[in-house]
Amino acid sequence: MQDYLDVLTRAVNEWMPEDRPASQAPPAAELERILDVSLTDAGADQQSLEDAVRAYLHYNPAVYKSDFHKLLYSGQNKPALLGDWITSLSNATMHTYQMGPVATLMELELIRQWNALVGFDRDDNPAEGVMVAGGSQANLIGMMLARHHVCPDFKTKGSGGRTLVAYVSDQAHYSGQKAANVLGIGTDNLVAVASDEDGRICPLALQQAIDSSLARGHLPFYIGITAGTTVTGAFDPVAACSEIARRHDIWLHIDGAWGAPILYSKQHRHLLADSHLADSFTWDAHKLMNVPITAAVILVKHAGALKSCCSGGGGEYLFHADENADYNLGERSIQCGRRADSLKVWLSWKAVGNQGFAAKIDYLQTLKASCVNMIRQSERLEMLAPAAYVNVLFRYHPEHMTDEDELRRLNIAICKTMMNDGGAYVDYAQYKGRYGIRLILANEEVGEDQLASLLALCEQTGRELADQPRLAAIG
Ligand SMILES: *Cc1c(COP(=O)(O)O)cnc(C)c1O
């Protein structure tokens, strides 16, 4: 074992340096040429394994660095990393209490805490939940619970010719489509309801979409609203959508994969007011909370709903009726073997407390406000969407450039050039037909100076590229 621990120590101390570019992977075809990942009949020695590990880290983007702004997480959550290592050491699995006793108690405590933050847990209402392999799966289970609520016999008999219709906004995450596909709803029966200028679902358009489904004899069953949209961080209005959901007895799900941690902050939780009005809720701990991927949960206001919806029978060989039956989380899940994701989340939560996460949100919101100010004060940068959360979508706009397609190409080129030159790693995104630079402020090690340099680099790169005729060549 010591040999392997030595490799881990070297990986942490030597192979993840601060002074490397956030991204340094060549195109796939080139990496295939320079790196040998072939498996062979004969086994290899320790040195070959070590070399492979080193190359793996070398070409992987440096997600741990503060100039990595591409994804919805950045930096290193050390207690959670320790938890991830220990989870693998234990190789616990989560179908029964027996196979992961402490992991089970930790998962139940996390679910209680999350439900308290969302407002599902009240004296007169025991809520529940189960950890899942990512926000996409949480949204899938949310839609499945909705289907089970409106058609309990869909599980055993199938659709029976009924057309079920689900509603999300045109800014919702694409996992809604995957869920509609997997659950046999049909992706054409997932309606993308118009959002307003701020990227929030329009309740009036939602009502109209439902009316039009009803007029066709279809069955509206699921409203999925988003807390923190992926591109601009918009929060859909919960109360107005809840009213519509109640009127038609439609399940209301909130996708908080990205924005849920706002609930830690007394100062900012108003963005997600009324979350308790929903029926189910998605929370990713591997996004803003920066727990190593994957760590996510589906929270449900109605205890018993998960087992009734997810259990399929045939598991008697695993789920022996004993004194631990209430602790066997497997029957709430669509998985059999399930990684014990609770430890890494629990350790990081224990280390910083609710206050630590609140402080992170408050800091990042302040940093975001300075960032938006700097963009507004710059002559050539402009915001493309309001920044309610820590997504800042902006673009570089040269004085005489009016053509939208040219602006799109220029801003995509800015992102690619900065990445290739070893500068900050930002991505581009499209919002309401316009393309810009999507800057995610998820790393609390970023300070205002670093941010100012990043914006200056965007401007400088934009200026240089705009002067070059080769911009026309970028598709
Ligand atoms: C990231 C994201 C998801 C998907 O979560 P995964 O954990 O990546 O599966 C769903 N919804 C929103 C709003 C997201 O930002």
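Here the structure is shown first, and the text comes after it.
Residues numbered from 1 in each chain as written. Predicted model: local features only at pLDDT ≥ 70, side-chain atom pairs only at ≥ 80, totals over all residues. Heavy atoms only, no water.

J.: Teacher, can you tell me more about the environment of His302 here?
T.: Looking at the secondary structure, you find His302 in the loop between β7 (296-300) and α11 (305-310). Spatially, the C-alpha atom of His302 lies 34 Å from that of Tyr363, the residues being 61 residues apart in sequence. Apart from the residues within four sequence positions on either side, His302 is in contact with Pro126, Glu128, Trp251 and Asp279. (Helix = DSSP H or I, 4+ residues; strand = E, 2+ residues; numbered from the N terminus. Contact = heavy atoms within 4.5 Å.)

J.: Before we go on, may I ask you to explain helix α12 (residues 342-377) in this structure?
T.: One turn of the α-helix equals 3.6 residues, which is why residues spaced by three or four share an orientation. Relative to the 52 Å expected for 36 residues at 1.5 Å per residue, α12 spans just 44 Å between its end C-alpha atoms, considerably shorter than the ideal helical length. The largest bend in α12 amounts to roughly 85 degrees and is located at Gly353. (Expected span 1.5 Å × (residues − 1). Bend = angle between axes of the 7 residues up to and from the residue.)

J.: So what exactly am I meant to see when it comes to the packing of aromatic side chains here?
T.: For the structure on display, the rule yields 12 aromatic pairs. For the pair Trp258 and Tyr389, a centre-to-centre distance of 5.0 Å together with 70 degrees between the ring planes defines the contact as edge-to-face. Here Trp258, found in the loop between β5 (251-256) and β6 (280-284), pairs with Tyr389, found in the loop between β8 (381-383) and β9 (391-396); they are 131 residues apart in sequence, far enough to count as distant. For Trp258, a relative accessible area of 2% gives the class buried. On the basis of relative accessible area, Tyr389 is assigned to the buried category, the value being 1%. Its end group placed over the ring of Tyr435, Arg408 keeps NZ or CZ at 5.7 Å from the ring centre. (Phe/Tyr/Trp six-rings, centres within 6.5 Å; stacked < 30°, edge-to-face > 60°. Buried < 20%, exposed > 50% of the residue type's maximum accessible area, 1.4 Å probe, protein only. Lys NZ or Arg CZ within 6 Å of the ring centre and 35° of its normal.)

J.: In this structure, what is going on with the site of the ligand? I would like to understand it.
T.: As a structural note, the neighbourhood of the ligand is formed by 16 residues, with Gly135, Ser136, Asp255, Asp284 and Lys287 the closest of them. Ser136 places a polar side-chain atom, nitrogen or oxygen, 2.8 Å from an oxygen atom of the ligand. Within the side chain of Thr230, one N or O atom sits 3.0 Å away from an oxygen atom of the ligand. In isolation the ligand offers 380 Å² of accessible surface; the protein chains occlude 87% of this area. (Near = heavy atom within 4 Å. Polar contact = N/O pair within 3.5 Å; in protein donor to acceptor, adjacent residues only side chain to side chain. Areas by Shrake-Rupley, 256 points an atom, 1.4 Å probe, with all protein chains shown as cover.)

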